[in-house]
Amino acid sequence: MKILGEHILIEYSKANTAVLNDEHAIRSMMIEAAKAIEVEVLHSYFHRFQPQGITGVLVIAESHLTIHTWPEFDYAAVDIFTCGDTSLLAKAVSLLKERLFAKEVSEKKIKRGPHSAKN
(Lines give C-alpha, C1' and ligand atoms only; values in the text may rest on other atoms or scores of the structure.)
Protein backbone atom coordinates (compact mmCIF):
# COMPACT_ATOMS: atom_id res chain seq x y z
CA MET A 1 0.00 0.00 0.00
CA LYS A 2 1.31 3.41 -0.92
CA ILE A 3 1.28 5.60 2.19
CA LEU A 4 0.04 9.12 1.51
CA GLY A 5 -0.12 10.30 5.09
CA GLU A 6 -0.58 9.45 8.72
CA HIS A 7 -3.69 10.08 10.80
CA ILE A 8 -3.35 10.02 14.58
CA LEU A 9 -6.39 9.83 16.83
CA ILE A 10 -5.45 11.00 20.31
CA GLU A 11 -7.45 10.87 23.52
CA TYR A 12 -6.43 13.09 26.44
CA SER A 13 -8.02 12.12 29.75
CA LYS A 14 -7.90 13.56 33.26
CA ALA A 15 -7.11 16.94 31.71
CA ASN A 16 -7.56 20.40 33.25
CA THR A 17 -11.24 21.39 33.18
CA ALA A 18 -10.58 25.14 32.96
CA VAL A 19 -8.17 24.75 30.04
CA LEU A 20 -10.59 22.46 28.20
CA ASN A 21 -13.20 25.23 28.35
CA ASP A 22 -10.88 28.12 27.37
CA GLU A 23 -11.28 28.87 23.67
CA HIS A 24 -8.23 31.15 23.55
CA ALA A 25 -6.01 28.54 25.24
CA ILE A 26 -7.26 25.77 22.95
CA ARG A 27 -6.72 27.87 19.81
CA SER A 28 -3.21 28.86 20.94
CA MET A 29 -2.13 25.31 21.75
CA MET A 30 -3.46 23.93 18.46
CA ILE A 31 -1.57 26.58 16.49
CA GLU A 32 1.53 25.81 18.56
CA ALA A 33 1.07 22.09 17.78
CA ALA A 34 0.86 22.90 14.06
CA LYS A 35 4.11 24.88 14.31
CA ALA A 36 5.75 21.96 16.15
CA ILE A 37 5.03 19.63 13.23
CA GLU A 38 6.07 22.32 10.73
CA VAL A 39 2.86 22.49 8.71
CA GLU A 40 1.24 25.45 6.96
CA VAL A 41 -2.03 26.62 8.55
CA LEU A 42 -4.47 27.80 5.85
CA HIS A 43 -7.62 28.40 7.94
CA SER A 44 -8.79 28.01 11.51
CA TYR A 45 -12.17 27.93 13.19
CA PHE A 46 -12.97 27.46 16.87
CA HIS A 47 -16.35 27.45 18.61
CA ARG A 48 -17.17 27.53 22.32
CA PHE A 49 -20.37 25.73 23.26
CA GLN A 50 -22.70 26.76 26.07
CA PRO A 51 -22.45 25.84 28.81
CA GLN A 52 -19.06 24.24 28.02
CA GLY A 53 -16.80 22.64 25.46
CA ILE A 54 -14.72 23.72 22.50
CA THR A 55 -14.54 22.42 18.95
CA GLY A 56 -11.79 23.59 16.67
CA VAL A 57 -10.19 22.85 13.34
CA LEU A 58 -7.02 23.92 11.65
CA VAL A 59 -7.06 23.33 7.92
CA ILE A 60 -3.45 22.85 6.92
CA ALA A 61 -1.88 22.54 3.48
CA GLU A 62 -1.02 18.96 4.47
CA SER A 63 -4.59 18.11 5.73
CA HIS A 64 -6.01 19.00 9.21
CA LEU A 65 -5.84 19.14 12.99
CA THR A 66 -9.05 19.01 15.03
CA ILE A 67 -9.96 19.14 18.71
CA HIS A 68 -13.19 18.50 20.59
CA THR A 69 -13.28 19.04 24.36
CA TRP A 70 -15.64 17.79 27.05
CA PRO A 71 -14.68 19.72 30.20
CA GLU A 72 -17.37 17.91 32.19
CA PHE A 73 -15.42 14.68 31.59
CA ASP A 74 -11.91 16.22 31.74
CA TYR A 75 -11.45 14.86 28.20
CA ALA A 76 -10.33 16.00 24.74
CA ALA A 77 -10.26 14.17 21.42
CA VAL A 78 -7.69 15.33 18.87
CA ASP A 79 -7.08 14.24 15.27
CA ILE A 80 -3.91 15.07 13.39
CA PHE A 81 -3.79 14.07 9.74
CA THR A 82 -0.82 15.05 7.64
CA CYS A 83 0.75 13.98 4.39
CA GLY A 84 3.85 15.95 5.43
CA ASP A 85 6.79 14.86 7.57
CA THR A 86 5.28 12.43 10.08
CA SER A 87 8.49 12.16 12.11
CA LEU A 88 7.48 15.28 14.06
CA LEU A 89 4.00 14.14 15.13
CA ALA A 90 5.14 12.97 18.57
CA LYS A 91 6.09 16.59 19.33
CA ALA A 92 2.49 17.72 18.83
CA VAL A 93 1.09 14.85 20.91
CA SER A 94 3.45 15.67 23.77
CA LEU A 95 2.89 19.44 23.56
CA LEU A 96 -0.89 19.03 23.76
CA LYS A 97 -0.56 16.65 26.72
CA GLU A 98 1.47 19.26 28.53
CA ARG A 99 -0.81 22.20 27.66
CA LEU A 100 -3.98 20.28 28.59
CA PHE A 101 -2.39 19.01 31.82
CA ALA A 102 -3.61 15.56 30.79
CA LYS A 103 -2.64 12.68 33.03
CA GLU A 104 -3.57 10.00 30.50
CA VAL A 105 -3.01 9.86 26.74
CA SER A 106 -3.84 7.17 24.23
CA GLU A 107 -3.30 7.28 20.51
CA LYS A 108 -4.09 5.26 17.46
CA LYS A 109 -2.07 5.71 14.27
CA ILE A 110 -3.58 5.03 10.88
CA LYS A 111 -1.62 4.97 7.64
CA ARG A 112 -3.64 6.62 4.87
CA GLY A 113 -3.41 5.77 1.17
CA PRO A 114 -5.05 3.88 -1.66
CA HIS A 115 -4.87 0.12 -1.20
CA SER A 116 -4.47 -0.45 -4.91
CA ALA A 117 -1.56 1.95 -5.47
CA LYS A 118 1.70 0.43 -6.63
CA ASN A 119 5.01 1.52 -5.08
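Every chain is numbered on its own, with residues counted from 1 as its sequence reads. Per-residue local features of the predicted model are confined to residues with pLDDT of at least 70, and side-chain atom pairs are confined, for both listing and counting, to 80 or more; whole-chain, interface and lining totals are unaffected and use all residues. For side-chain calculations, the full set of non-hydrogen atoms in the structure is used, while hydrogens and water are omitted.

J.: What is the right way to read helix α3 (residues 89-100) from this model?
T.: Quick reminder: α-helices carry 3.6 residues per turn. Residues three or four places apart thus point the same way. Comment: elements are numbered from the N terminus, with helices defined as DSSP H or I runs of at least four residues and strands as E runs of at least two. By definition here, a helix of n residues has an expected span of 1.5 Å times n minus one. Helix length check: α3, at 12 residues, gives a terminal C-alpha distance of 17 Å against a target of 16 Å (1.5 Å per residue), a fit within 8%. Relative accessibility decides the category of a residue: with a 1.4 Å probe and only protein chains considered, values under 20% of the type maximum give buried, values over 50% give exposed, and everything between is partly exposed. Here α3 has its buried residues at Leu89, Ala92, Val93, Leu95, Leu96 and Leu100. Seen along its axis, α3 keeps its buried residues to an arc of 165 degrees; they face one direction. Exposed side of α3, more than 90 degrees from the buried face: Ala90 and Glu98 are the residues found there. When we speak of the arc, we mean the arc of directions from the helix axis to the C-beta atoms.

J.: What exactly am I supposed to notice about the pattern of salt bridges here?
T.: If the charged atoms of two oppositely charged side chains come close together, the side chains can form a pair. Salt bridges are defined by distance alone: a side-chain nitrogen of Lys or Arg within 4 Å of a carboxyl oxygen of Asp or Glu. Tallying each qualifying case throughout the model produces six salt bridges. For the salt bridge of Glu104 with Lys14, the shortest nitrogen-to-oxygen distance reads 2.9 Å. With a gap of 90 residues between them, Glu104 in strand β6 (residues 104-112) and Lys14 in the loop between β1 (5-13) and α1 (17-20) connect regions that are remote in the sequence. Residue classification places Lys14 among the partly exposed positions, given a relative accessible area of 47%. The salt bridge involving Glu32 is made with Arg99; its shortest N-O contact spans 2.5 Å. In this pair, Glu32 is assigned in helix α2 (residues 23-36) and Arg99 in helix α3, connecting sequence segments 67 residues apart.

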